[in-house]
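Examining the three-dimensional arrangement
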Amino acid sequence: MPQTWDIQADVVVVGFGAAGACAALEAASAGRAVAVLDRFRGGSATALSGGVVYAGGGTPQQREAGVRDSPEAMFDYLSLEVGDAVSPATLRAFCAGSPAMLAWLERHGVPFEGSLCPDKTSYPTNRYYLYYSGSELSARGVTPPAPRGHRVRGRGTSGGLLLARLAEAVRGSGVRVLEQTSARQLVTDATGQVIGVECLPGADAHPRRACGRGGDRPGTPGRRSHGARAVRRGPQRGRAMLALLRQRALTGRLRLLRAPRRAARRGRRQCPAQECPVAGGLRARRAATQERGQNRTRAPSRGQNRTRAPSRGQNRTRAPSRGQNRTRAPSRAGACRARSRPSR
């Protein structure tokens, strides 16, 4: 068991989504020192969700829309849906405390509204925030149907607003939130009781361990531990961690894309075509492609078949000029001189 601990807390919550935020708020309201761990920045699934809370039994939003519902009708319907996955006592407590649960969320800043959607839909538009989110209409023969899908009042998918309001309430209550810190394993004592959490903060390569307030540590003899309590945490390296995650995700995609080609090359090297279906199939397809290319005679293009007519200048025989056709006659004076010259 380690002797030193970096962070002391009465309650350690692993995961900073909607459920983790609600647990931290409830523990803080009871006067406990709370630390919340999340390996990213919190609320990944909640932020991407539709922000719909299933509640019934006569909520204020149902009464505002003129809907009549009761915990008994809600219990009868959910008993058909969940079967024996949830005990009847737990399911009945959930139905009876449903209006109080919605009021608890409203006290922590989560807005709801009773505008009833007139049609059955998978997700209502921004005009409606109360709708039939289950198959209540199909079970009308067993129990009276009632719309119980309470969507957080916000534009688009409302999960981001749900997480933002809960996270704001958590930080405002004094809870310590440790982002970029992933929990690796629980720390237990000799009796098997959980006394701490081992976590990996940021991009640190060495896990750290933690003990809770009241645990056995030097200088406090006789103190006993009571549940998961605290975390040891190194320097924050959020940006480096995100860069590493992006690099690993990109490498994984490249490996997935290259895997079929690598398997084909490996098959060609290790086994003959008649024994390996991968290599044999590739060779057969390559041979068929080459045979089709040899049998196909390519038609000459339009420019190759067309004989170009000679231009007008090439067909026309140019007439010689006047100077080329005319034979120059000797001059009269020279001719006369020749005739008058006496012979000797």
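Residues numbered from 1 in each chain as written. Predicted model: local features only at pLDDT ≥ 70, side-chain atom pairs only at ≥ 80, totals over all residues. Heavy atoms only, no water.

1. What about the sheet that holds strand 4 (residues 130–131)?
The test is simple: Only strands joined by at least two bridges in the DSSP assignment are considered to pair. The numbering of helices and of strands both runs from the N terminus, where a helix is a DSSP run of H or I of at least 4 residues and a strand a run of E of at least 2.
In spatial order, the strands read 3-5-4; together these 3 strands make up an open sheet with antiparallel pairing. Lying at the two open borders of the sheet, with one neighbouring strand each, are strand 3 (52–54) and strand 4. Two strands pair when backbone bridges link them, and strand 3 and strand 5 (residues 149–151) are joined in this way by 3 bridges, in the antiparallel orientation. The residue bridging Val52 from the neighbouring strand is Arg151, located in strand 5.

2. Some remarks on the nonpolar core
Rules: Joining through side-chain atoms within 4.5 Å is the link that ties buried Ala, Val, Leu, Ile, Met, Phe, Trp, Tyr and Cys residues into a set, and such a set is a nonpolar core. Only protein chains enter the accessibility calculation, which uses a 1.4 Å probe; a residue whose area is less than 20% of its type maximum is buried, one above 50% is exposed, and one in between is partly exposed. In what follows, a contact means two residues having at least one pair of non-hydrogen atoms within 4.5 Å.
Among the nonpolar cores identified, the biggest contains 25 residues, and Val34 and Leu166 are the most heavily contacted of them. Per-element accounting of this core gives the leading share, 6 residues, to helix 1 (residues 18–29). If sequence neighbours within four positions are ignored, Val34 has contacts with Ala9, Val11, Val13, Ala24, Ala27, Ala28, Val175 and Arg176. Grouped together as the second largest cluster of nonpolar side chains are 7 residues, Tyr77, Leu91, Cys95 and Ala139 included.

3. Some details on the packing of helix 5 (residues 88–96) against helix 6 (residues 98–107)
Packed helix pairs are characterised by how far apart their axes lie and by the angle those axes make with each other. Test applied: Only the contacting stretch of a helix is used when fitting its axis, a line to C-alpha atoms as for every element, and angles between N-to-C directions run 0 to 180 degrees. These descriptions rest on fixed angle ranges, namely under 35 degrees for roughly parallel, over 145 for roughly antiparallel, 65 to 115 for roughly perpendicular, and the rest for oblique. Note on residue classes: Ala, Val, Leu, Ile, Met, Phe, Trp, Tyr, Cys and Pro are nonpolar, Asp, Glu, Lys and Arg are charged, and everything else, Gly too, is polar.
At a minimum axis separation of 4 Å, helix 5 and helix 6 run at an interaxial angle of 55°. Comparing their axes, helix 6 and helix 5 come out oblique. Contacts between helix 5 and helix 6 involve Phe94, Cys95 and Ala96 from the former and Ser98, Pro99 and Met101 from the latter. Taken together, the residues of the contact of helix 5 with helix 6 break down into 5 nonpolar, 1 polar and no charged.

4. Description of the environment of Gly160
Its place among the elements puts Gly160 in helix 7 (residues 159–172). Gly160 sits in the partly exposed class, given a relative accessible area of 32%. Along the chain, Gly160 and Gly50 lie 110 residues apart, while their C-alpha atoms are 8.3 Å from each other. Ignoring anything within four residues of it in the chain, the contact list for Gly160 reads Thr46 and Ala47.

5. Focus on the packing of helix 4 (residues 71–82) against helix 5
This is how the line gets drawn: Crossing handedness is read from the near helix: turned anticlockwise from the far helix by less than a right angle, it gives a left-handed crossing, and turned clockwise, a right-handed one.
Axis separation between helix 4 and helix 5 bottoms out at 9 Å; the angle between their running directions is 135°. Here helix 4 is positioned oblique relative to helix 5, judged by the angle of their axes. Crossing hand, helix 4 versus helix 5: right-handed. On the side of helix 4, the interface is formed by Pro71, Met74, Phe75, Leu78, Ser79 and Val82, while helix 5 contributes Pro88, Leu91, Arg92, Phe94, Cys95 and Ala96. Considering only residue class, the contact of helix 4 with helix 5 consists of 10 nonpolar, 1 polar and 1 charged.

6. Observations regarding the sheet that holds strand 1 (residues 11–14)
A sheet is described by the order of its strands in space; here 3 strands give the open sequence 1-2-6, paired in parallel fashion. Either end of the sheet is taken by a strand with one partner, and the two such strands are strand 1 and strand 6 (176–178). Across the sheet, the mean angle separating the axes of adjacent strands is 20° when strand polarity is ignored. Pairing analysis gives 3 bridges linking strand 2 (residues 34–37) to strand 6, with the strands arranged parallel. Bridge pairing in strand 6 links Val36 to Val177. The strands touched by helix 1 within the sheet are strand 1 and strand 2, with strand 2 carrying the most contacts at an inclination of about 170°.

Nothing here speaks to function; it is all geometry.
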